[in-house]
Amino acid sequence: MKTKLISLSLLLALGLTACGGTPSDGAQAQTGSMYAQAENWAYLPTGETGEADVFFVAPTVYVGGDEEQFNMSLENEQDKANFLGAINMEKGIYDADARFFAPYYRQASLTDYLLPKDELEERLSAAYEDVRDAFAYYLEHYNDGQPIILAGFSQGADMSLRLLKEFFADEALDDQLVACYAIGWRITEQEMEEYPHLRFASGEDDTGVIIAFNSEAESITQSNMIPAGVRTLAINPLNWKTDSTPADKTLNKGACFLDYEGNILLEVPQLTGAYIDGTRGALKVTDVSPEDYPPVIDTFEAGIYHIYDYQFFYRNLQHNVGVRLDAYLAAHAQDAAA
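Residues numbered from 1 in each chain as written. Predicted model: local features only at pLDDT ≥ 70, side-chain atom pairs only at ≥ 80, totals over all residues. Heavy atoms only, no water.

### Quick look at the overall build of the protein chain
And then number 1: Regarding its fold elements, the protein chain presents nine helices and eleven strands.
And then number 2: For the protein chain, restricting intrachain contacts to residue pairs at least 6 apart in sequence, the fraction spanning at least 24 positions comes to 74%. (Helix = DSSP H or I, 4+ residues; strand = E, 2+ residues; numbered from the N terminus. Contact = heavy atoms within 4.5 Å.)

### A closer look at unusual backbone geometry
And then number 1: The phi angle at Ser154 is positive, at roughly 60 degrees, despite the residue not being glycine.
And then number 2: Within the secondary structure, Ser154 is located in the loop between strand E4 (148-153) and helix H5 (155-167).
And then number 3: Residue Trp240 is not a glycine yet carries a positive backbone phi of 55 degrees.
And then number 4: Relative to the assigned elements, Trp240 resides in the loop between strand E7 (215-216) and strand E8 (255-258).

### Here we look at the environment of Asp79
And then number 1: Of note, Asp79 is situated in helix H3 (residues 77-91).
And then number 2: Separated by 17 residues in sequence, Asp79 and Tyr62 place their C-alpha atoms 6.4 Å apart.

### Considering the nonpolar core
And then number 1: Phe55, Tyr94, Phe135, Leu150, Tyr181, Ile210 and Phe312 are the most contacted members of the largest nonpolar core, which totals 107 residues.
And then number 2: The dominant element in this core, judged by the number of residues it contributes, is helix H4 (residues 117-143), at twelve residues.
And then number 3: When near neighbours in sequence (up to four residues on either side) are disregarded, Phe312 contacts Asn252, Gly254, Ala255, Phe257, Leu271, Thr272, Val285, Val288, Tyr293 and Tyr305. (Core = buried A, V, L, I, M, F, W, Y, C linked by side-chain atoms within 4.5 Å. Buried < 20%, exposed > 50% of the residue type's maximum accessible area, 1.4 Å probe, protein only.)

### Points about the packing of aromatic side chains
And then number 1: The tally for this structure, following the rule as stated, stands at 29 aromatic pairs.
And then number 2: Ring geometry for Tyr35 versus Trp41: centroids 5.5 Å apart, planes at 75 degrees, classification edge-to-face.
And then number 3: The class for Tyr35 is buried, based on a relative accessible area of 0%.
And then number 4: Centroid distance Tyr308 to Phe312: 5.1 Å. Interplanar angle 15 degrees. Geometry classified as stacked.
And then number 5: By way of ring pairs, the aromatic residues Tyr35, Trp41, Phe55, Phe101, Phe135, Tyr137, Tyr138, Tyr142, Phe167 and Phe168 are connected into one cluster.
And then number 6: The ring of Phe70 carries Arg123 above its face, with NZ or CZ at 4.1 Å from the centroid.
And then number 7: Stacked on the ring of Trp240, the Lys or Arg Arg324 has its end atom at 5.4 Å from the ring centre. (Phe/Tyr/Trp six-rings, centres within 6.5 Å; stacked < 30°, edge-to-face > 60°. Lys NZ or Arg CZ within 6 Å of the ring centre and 35° of its normal.)

### What about the side chain of Asn214?
And then number 1: Tracing the sequence through the fold places Asn214 in the loop between strand E6 (209-211) and E7.
And then number 2: Residue Asn214 is classed as buried on the basis of its relative accessible area, which comes to 4%.
And then number 3: Polar contacts involving the side chain of Asn214 include one to the main-chain carbonyl oxygen of Trp185, which spans 3.2 Å.
And then number 4: Those residues in contact with Asn214 that lie beyond four places of it in its chain are Gly184, Trp185, Arg186, Met225, Ile226, Thr232, Ala282, Leu283 and Asp309. (Polar contact = N/O pair within 3.5 Å; in protein donor to acceptor, adjacent residues only side chain to side chain.)

### Some thoughts on helix H9 (residues 314-337)
Structurally, the α-helix is built with 3.6 residues per turn, so residues lying three or four positions apart point the same way.
And then number 1: The end-to-end C-alpha distance of H9, which contains 24 residues, comes to 35 Å, matching closely the 34 Å that a straight helix rising 1.5 Å per residue would cover.
And then number 2: Among the residues of H9, Tyr314, Asn316, Leu317, Asn320, Val321, Arg324, Leu325, Tyr328, Leu329 and His332 are the ones counted as buried. (Expected span 1.5 Å × (residues − 1).)

### Some words on H5
And then number 1: The end-to-end C-alpha distance of H5, which contains 13 residues, comes to 18 Å, matching closely the 18 Å that a straight helix rising 1.5 Å per residue would cover.
And then number 2: Taking burial as the measure, the 13 residues of H5 include twelve buried ones, the bulk of the element.
And then number 3: All buried positions along H5 are accounted for by Gln155, Gly156, Ala157, Asp158, Met159, Ser160, Leu161, Arg162, Leu163, Leu164, Lys165 and Phe167.

### Side note on the environment of Asn88
And then number 1: Tracing the chain through its elements places Asn88 in helix H3.
And then number 2: For Asn88, a relative accessible area of 10% corresponds to the buried category.
And then number 3: Separated by 170 residues in sequence, Asn88 and Leu258 place their C-alpha atoms 8.4 Å apart.
And then number 4: Asn88 has contacts with Tyr43, Leu258, Tyr260, Glu261 and Gly262, leaving out every residue within four places of it along the chain.
And then number 5: There is a polar contact of 2.9 Å between the side chain of Asn88 and the backbone oxygen of Tyr260.

### Considering the environment of Ala38
And then number 1: With respect to the helices and strands, the residue Ala38 is situated in the loop between helix H2 (28-31) and strand E1 (41-43).
And then number 2: Along the sequence, Ala38 and Pro103 sit 65 residues apart, while their C-alpha atoms lie 9.3 Å from each other.

### Quick word on the sheet that holds E6
What links the strands of a sheet is backbone hydrogen bonding, and the strands pair in either a parallel or an antiparallel sense.
And then number 1: Spatial ordering of the open sheet is given by E1-E3-E2-E4-E5-E6, a layout of six strands whose pairing is mixed. Taken across any chain shown, the strands that pair with only one partner, and hence form the sheet edges, are E1 and E6. Within this sheet the neighbouring strands show an average axis-to-axis angle of 20 degrees, counted without direction.
And then number 2: Across five bridges, the pairing between strand E2 (residues 52-57) and E4 is parallel. Bridge pairing in E4 links Phe55 to Leu150.
And then number 3: Running over the sheet, H4 touches E1, E2, strand E3 (98-103) and E4 and is turned about 165 degrees from E2.
And then number 4: H9 contacts E2, E4, strand E5 (177-183) and E6 of the sheet and is inclined by roughly 160 degrees relative to E5. (Pairing = 2+ DSSP bridges. Axes fitted to C-alpha atoms, helices over the stretch in contact; angles between N-to-C directions.)

Have a look at this one:
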């Protein structure tokens, strides 16, 4: 189903031309978008059809360590292979009824998150320039009025929220938004107030909303995703409530652990329960232990389940994408018939 096309005012504001140019700042304004080249997309489903489009932004896979190379190079084939593998671990949640777009981008590194805030933001802003360029190119050349599911994990969730803030203040484009799954990053009340077009999910089937949570053990009091003193908004992927109502593990449709090819190596129904911490907004995961599910990332303390955000709740998220898309399509079919 096709909804309203992107407004001309949005395209003009982004500095795009009728022949598919890019934002006016930077060298790419003169040379054309690098996303005109298929090799700069991990997934570019040309010729495919679907009821919606997914625009997915990958999580951090670049370790860093090269003092001359602040952000990931798109010339490093091993980094790109890891990038693609990380996408494959989450792609199956979203792509059943949708075309799946995912750009490579010069992401910040894992070690960048140890930098002072201003330096980290410099690296993240550089990453966002690529993501922004890719999304603008996608809108101009591929979207054609399709409903849009924005999605990402970790750094990719941060990038998805940046896209939401910048692009979707446009009413016509906002009408195309099914949902934004910004898993593994924070979104605060202050940000919602600063960008009044943002809406956080309140249930299982509302649309045009943000879905976000950060998984951790009950003992954790701070993390990179939710620093001490910060409260994030969250929704529980087991009961789809935003308060502290506990969700028993019987509501967990299946935790899935995948390889870099996207193959499910192990599926465990009813692995975990969860509830939202009222102070931090973190998703407290029950019924598992930090010893069984270590953080893997060296800078995370035991009990930070960040890398399991998608895996612990895989089947619930997969089901929910379908629920929200069906709700979106039904509502817009009614609008078209009115």
